[in-house]
Amino acid sequence: MTIARTAAADAATTAAPPAASTADATTATTATTPTATTAAVTAAVTTYWDTAAESFDDEPDHGMRAAPTRAAWARLVRSWIPSGPADVLDVGCGTGSMSLLLAERGHRVTGVDLAPRMTGRARAKFAAAGLAGRFLTGDATHPPTGEERFDVVLCRHLVWTLPDPEAALRDWVGRLRPGGRLVLVEGRWREAAGGAVPYVAGAERLPWRGGIGAEALVAAVRPLVGGEVRVQPLDGEPDLWGGPVDDERYALIADV
């Protein structure tokens, strides 16, 4: 299962993909160079998640509206992030639910998402909670934060959507201060094994489409960091997802 897919988004993908009017036309008329292909897929992905923003929080692990789900993610945040106030970069922040948990613990949060409506909802969520946070619309592969460095880079359910996920990992590690931490919440969604139709035109060319297993992600991250790399299985914790799941889900925690 692609974690971020909502029922509304699934229907849109099956009947008429949200990005079809732009992405399909771009793919048909643009020279098939790697740069052109990447740009077309990125445009389609942006449109898809912008469309999905309205109902994104309907998924239990997105909106965290149920007390057990919110408490389960809050417990993980406490275990992953240092107790003192830290500068945290939340890449692919969506509507800011994870960012909000971090800010509630006193951390200074910068969220980045490709979809403007996602970052808009994140800002509104923080305003309603009376908390400070910074949300930027931009490519999570190269977040628009300049030379700023962070204590933690957090990424949840994102790498499968990226045209060059290994470049993103290098970029994120490079944004960490000495002693910093990279936290990746990822998995292999069950739809991937069934040859599911890609969620946007061109997504079949994404290198980690359908997710990535823990062993493969460890192999990609370990050469980039000097500290410990550990994996924490999450598929056996139904409160995180609003119920039992039968696909691989985990967190990778790496210290630089």
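You'll find the structure just up there.
Structure report, in brief. (Residues numbered from 1 in each chain as written. Predicted model: local features only at pLDDT ≥ 70, side-chain atom pairs only at ≥ 80, totals over all residues. Heavy atoms only, no water.)

## Some thoughts on the environment of Ala-214
- Locating Ala-214 in the fold gives a position in helix α9 (residues 214–221).
- When the C-alpha atoms of Ala-214 and Tyr-250 are compared, they prove to be 7.1 Å apart, with 36 residues separating the residues in sequence.
- With sequence-adjacent residues up to four places away left out, Ala-214 is seen in contact with Val-231, Glu-248 and Tyr-250. (Helix = DSSP H or I, 4+ residues; strand = E, 2+ residues; numbered from the N terminus. Contact = heavy atoms within 4.5 Å.)

## Overview of the nonpolar core
- Among the nonpolar cores identified, the biggest contains 30 residues, and Trp-73, Trp-80, Met-98 and Leu-234 are the most heavily contacted of them.
- Contributions of two or more residues to this core are made by α5 (67–80), α6 (97–104), α7 (116–129), β4 (150–156), β5 (176–188), α10 (238–241) and β7 (248–255).
- Ranked by residue count, the leading element in this core is α5, at six residues.
- If we skip the residues at most four places from it in the chain, Leu-234 touches Leu-76, Trp-80, Val-185, Leu-240, Trp-241, Arg-249, Tyr-250 and Ala-251.
- One finds Ala-140, Phe-150, Cys-155 and Ala-214 within the second-largest nonpolar core, a separate group that totals 29 residues. (Core = buried A, V, L, I, M, F, W, Y, C linked by side-chain atoms within 4.5 Å. Buried < 20%, exposed > 50% of the residue type's maximum accessible area, 1.4 Å probe, protein only.)

## Side note on the packing of α5 against α6
- Where α5 contacts α6, the axes come no closer than 10 Å and their chain directions differ by 60°. Judged on the interaxial angle alone, α6 and α5 are oblique. Considering only the axes of α5 and α6, their crossing is right-handed. Seen from α5, the contacting residues are Arg-70, Trp-73, Ala-74, Val-77 and Trp-80; seen from α6, they are Met-98, Leu-100, Leu-101, Leu-102 and Glu-104.
- For the contact of α5 with α6, the residue count by class is eight nonpolar, no polar and two charged. (Axes fitted to C-alpha atoms, helices over the stretch in contact; angles between N-to-C directions. Parallel < 35°, antiparallel > 145°, perpendicular 65-115°, else oblique. Left-handed = near helix turned anticlockwise from the far one by under 90°. Nonpolar A, V, L, I, M, F, W, Y, C, P; charged D, E, K, R; others polar.)

## Here we look at the pairing of β4
- The buried count for β4 comes to six of seven residues, which makes it a mostly enclosed element.
- With four bridges joining them, strand β1 (residues 87–91) and β4 adopt parallel strand pairing. Pairing of Val-88 across the sheet is with Val-152, part of β4.
- Note that the unit made of β4, helix α8 (residues 165–174) and β5 has a crossover that is right-handed. (Pairing = 2+ DSSP bridges. Right-handed = clockwise from strand over helix to strand, strands pointing away.)

## Focus: unusual backbone geometry
- Its identity is not glycine, yet Met-64 carries a phi of approximately 50°, on the positive side.
- Tracing the backbone through its elements, the reader meets Met-64 in the loop between α4 (60–63) and α5.
- By relative accessible area, Met-64 is classed as buried at 2%.
- Despite not being glycine, His-157 shows a phi value in the positive range, around 60°.
- Along the polypeptide, His-157 turns up in the loop between β4 and α8.
- Of the residues examined, His-157 reaches a relative accessible area of 8% and is grouped as buried.

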